[in-house]
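# Residue-level structure breakdown
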Amino acid sequence: MTSRQNTVTQADIAAVPGLDALDAVSVIVGSQTDAEAIGIGVYSDADVPRSLGFDRADLADAGFEGKAGSALLLPQASGPDLVAVGLGPLADVDAAGFRDAAASLVRTASRRARLSLRVDDLAGVDPLSAIRAATEGALLAGYRYTALKKTSTHVPLISFTLDVPDTDGADLAIAAAFVSARATIVARDLANTPPGHLTATKLGEIAVELGTRFGFGVELFDKQALVELGCGGLLGVNQGSTEEPRMIKLEYTPQDATGHLGLVGKGIMFDSGGISLKPSDPMHLLMKMDMSGAAAVLGAFTGLRDSGVRTRVTGWLMCTDNMPSGTAYKLGDVLTARDGTTVEVKNTDAEGRLVMMDALVLANEAAVDAIVDIATLTGAALVSLGASTAPIFGNDSRTVELVRAASAAADEPVWQLPLEQKYRRQLDSTIADIANLGGPYAGATTAALFLQHFVGGTPWAHLDIAGTMHVDQDDSWRTVGATGFGARILLETARTFAKKDAA
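Residues numbered from 1 in each chain as written. Predicted model: local features only at pLDDT ≥ 70, side-chain atom pairs only at ≥ 80, totals over all residues. Heavy atoms only, no water.

### Regarding unusual backbone geometry
- With a phi angle near 55°, D256 is a residue other than glycine that sits in the positive phi range.
- With respect to the helices and strands, D256 occurs in the loop between β8 (246-252) and β9 (260-271).
- Given the relative accessible area of 66%, D256 is considered exposed.
- The phi angle at S476 is positive, at roughly 55°, despite the residue not being glycine. (Helix = DSSP H or I, 4+ residues; strand = E, 2+ residues; numbered from the N terminus. Buried < 20%, exposed > 50% of the residue type's maximum accessible area, 1.4 Å probe, protein only.)

So, in structure tokens, the structure goes:
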């Protein structure tokens, strides 16, 4: 069966269904009269709010102690249900705690569409930061990918009210939360979409639609254009596929831009491993998400205009699937990158770095002031830091710290690992300039060292999100499936970025 015949049998789905669901949600600050469930914030070391109707002993008997992230549903015979929402100790709460609290309410009252969260004491947290974080938590926890379900028990969130003190300027905080949540939801939708529905070509079409809607330019490069550009990495990985590759170039240029930031995203639409075929296991099933880096970049671009980003931002999404066939690239092949570097292929499953090398060269040719790349690059990232934290590497402390600060604001943890140059020799090749695979250890580092070869002296940070791209069960505001990790990090990085000599 040909690819064209196969796509005819696919169910027709909206390209980014989460956007419609997000647009349908109303968030206000005040009192909600039609709430179906009301969450009451409870600190573990402070008086229980009288509005809850239970004292601490009653709650303790039900197993609720006010721990951060906990919640207890208290059904009511009449009127809205009540939910005790744990906030933890007063001294420990921060904006991220309110994001988690709102998410806990949405999860616990998941059968209710109209919710309200009341917090009488913000414990010294800036009110606008708390409002923004809580709004993000509710919107992100309310997300669910149901585009391919004939019927679904999911009850979408319709309205969310925050009843908190000191609310001057709340509208701006809520608007900012919608923009950042949108970035993540776009990334989640794309990564959750099955590969038969989302090819590189289709992603290009979606990018054009999003660019028109959210104020950025899109240029698509087909196979012939990539040949003319000399993008041997992307073309080489694509050899085994019946689907055309695409390089999707995104451009956001505000008036009087303060600098030029380059974002590079790995967009492997499905990764079989190629000739180095992956085993058919649960991780192989998740390889529809091997384009999560590209999805994060595209998600971030949907928020640049509405976040008032003053930096010029250019994105390169390097998109293809990696398939085995009679035309697939092979172990021992030598590919030639855009800059003329020859690369010996020692493993066709180390394909992400091959498609990204061409984009890094193009970013340098565009004279960007800094590059941030994001990719589901190595299983070693998952082994080293687990599923909650992404390793970050870089050649410039200022750029790395900028991304780390953005990750803290997004509550998407990163941890800097050393770009140990002693390991660079593992990438030496006897027949080419460099090999695409190092030794059996420090795989995340050797992958970063490969990318560094093409970065040159440009300030650069690299995020390896292979471990954080997915959760297998709901976790606070992270909904089961693709997490959209990195979209809000990149958006915040762009918002705070400034050219070094102007900083």
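Text resumes after the structure shown.
### Some thoughts on the sheet that holds strand β4 (residues 81-88)
- Sheet architecture is open: 6 strands sit in the order β1-β6-β5-β2-β4-β3, paired in mixed fashion. Strands with a single pairing partner mark the edges of an open sheet, and in this sheet they are β1 (26-29) and β3 (71-74). The mean inter-strand angle of the sheet, taken between neighbouring strand axes irrespective of direction, is 20°.
- Note that strand β2 (residues 37-43) and β4 share 7 bridges and pair parallel. Its bridge partner lying in β4, A37 is registered against D81. (Pairing = 2+ DSSP bridges. Axes fitted to C-alpha atoms, helices over the stretch in contact; angles between N-to-C directions.)

### Focus on the environment of M469
- Among the structural elements, M469 can be located in the loop between β17 (460-464) and β18 (470-471).
- Residue class for M469 comes out buried when judged on its relative accessible area of 4%.
- It is 7.3 Å that separates the C-alpha atoms of M469 and M289, two residues lying 180 residues apart in sequence.
- When near neighbours in sequence (up to four residues on either side) are disregarded, M469 contacts M283, L286, M287, M289, S292, T376, G481, A482 and T483. (Contact = heavy atoms within 4.5 Å.)

### Considering helix α6 (residues 170-192)
- In a regular helix each residue adds 1.5 Å, so 23 residues correspond to 33 Å; α6 covers 32 Å between its end C-alpha atoms and thus fits that length.
- Where burial is concerned, most of α6 is hidden: 19 out of the 23 residues are buried. (Expected span 1.5 Å × (residues − 1).)

### Observations concerning the sheet that holds strand β13 (residues 370-375)
- Spatially, the 8 strands line up as an open sheet ordered β7-β8-β10-β9-β13-β17-β14-β15, and their pairing is mixed. Two strands in the sheet have a free side with no partner beyond their single neighbour: β7 (217-221) and β15 (414-416). Each strand axis lies, on average, 20° off the axis of its neighbour in the sheet, ignoring direction.
- Relative to β13, β9 runs parallel, the two sharing 5 bridges. Note on β13: the bridge partner recorded for V264 is D373.

### Looking at the packing of aromatic side chains
- According to the stated counting rule, one finds 2 aromatic pairs in the structure shown.
- Ring centres 5.4 Å apart and planes at 65° place the aromatic pair F216 and F301 in the edge-to-face group. Taken as a pair, F216 in the loop between α7 (200-214) and β7 and F301 in helix α11 (residues 292-304) lie far apart in primary sequence, 85 residues in all. When sorted by exposure, F216 lands in the same class as F301, which is buried.
- Between F450 and F454, the ring centres sit 5.3 Å apart and the planes meet at 50°, which makes this aromatic pair tilted. Taken together, the residues span about one helical turn, with F450 and F454 both in helix α15 (residues 443-455) at a distance of 4 residues. Taken as a pair, F450 and F454 share a single burial class, namely buried.
- One residue, R478, lies across the ring of W477, its end atom 4.0 Å from the ring centre. (Phe/Tyr/Trp six-rings, centres within 6.5 Å; stacked < 30°, edge-to-face > 60°. Lys NZ or Arg CZ within 6 Å of the ring centre and 35° of its normal.)

### Focus on the pattern of salt bridges
- Across all of its chains, the model carries 27 salt bridges by this definition.
- Between D474 and R107 there is a salt bridge; the shortest N-O distance is 3.6 Å. Here the residue D474 occupies a position in the loop between β18 and β19 (481-482), and R107 occupies one in helix α4 (residues 95-108), the gap between them amounting to 367 residues.
- On the basis of relative accessible area, D474 is assigned to the partly exposed category, the value being 32%.
- Between R144 and D474 there is a salt bridge, with its nearest N and O atoms 3.0 Å apart. One end of the pair, R144, is in the loop between α5 (127-141) and β6 (159-163); the other, D474, is in the loop between β18 and β19, with 330 residues separating them in the sequence. (Salt bridge = Lys/Arg side-chain N within 4 Å of Asp/Glu carboxyl O.)

### Digging into the pairing of β13
- Within β13, 6 of the 6 residues are buried, which leaves it mostly tucked inside the rest of the structure.
- Covered by surrounding structure in β13 are A370, V372 and I374 together with I371, D373 and A375, the residues of both alternating faces.
- Where β13 and β17 come together, 5 bridges link them in parallel fashion. Directly across from I371, in β17, lies its bridge partner W460.

### Examining the environment of D306
- Summarising the element assignment, D306 is placed in the loop between α11 and β10 (312-322).
- Here the alpha-carbon distance between D306 and G215, two residues 91 residues apart in the chain, equals 8.8 Å.

### A closer look at the confidence of the model for the chain
- Here the chain averages 94 in pLDDT, and 97% of its residues register 70 or above.
- Taken together, the stretch residues 1-8 has pLDDT below 50 and engages in 4 contacts with residues farther than four places along the chain or on a different chain. (pLDDT = per-residue confidence, 0-100.)

### Section: the side chain of T314
- Checked against the element boundaries, T314 lands in strand β10.
- We classify T314 as buried; its relative accessible area is 1%.
- Here E251 takes part through its side chain, which lies 2.7 Å from a polar atom of the side chain of T314.
- Sequence-distant contacts of T314, defined by excluding residues within four places in its chain, comprise K249, L250, E251, H260, L261, G262, L263 and F301. (Polar contact = N/O pair within 3.5 Å; in protein donor to acceptor, adjacent residues only side chain to side chain.)

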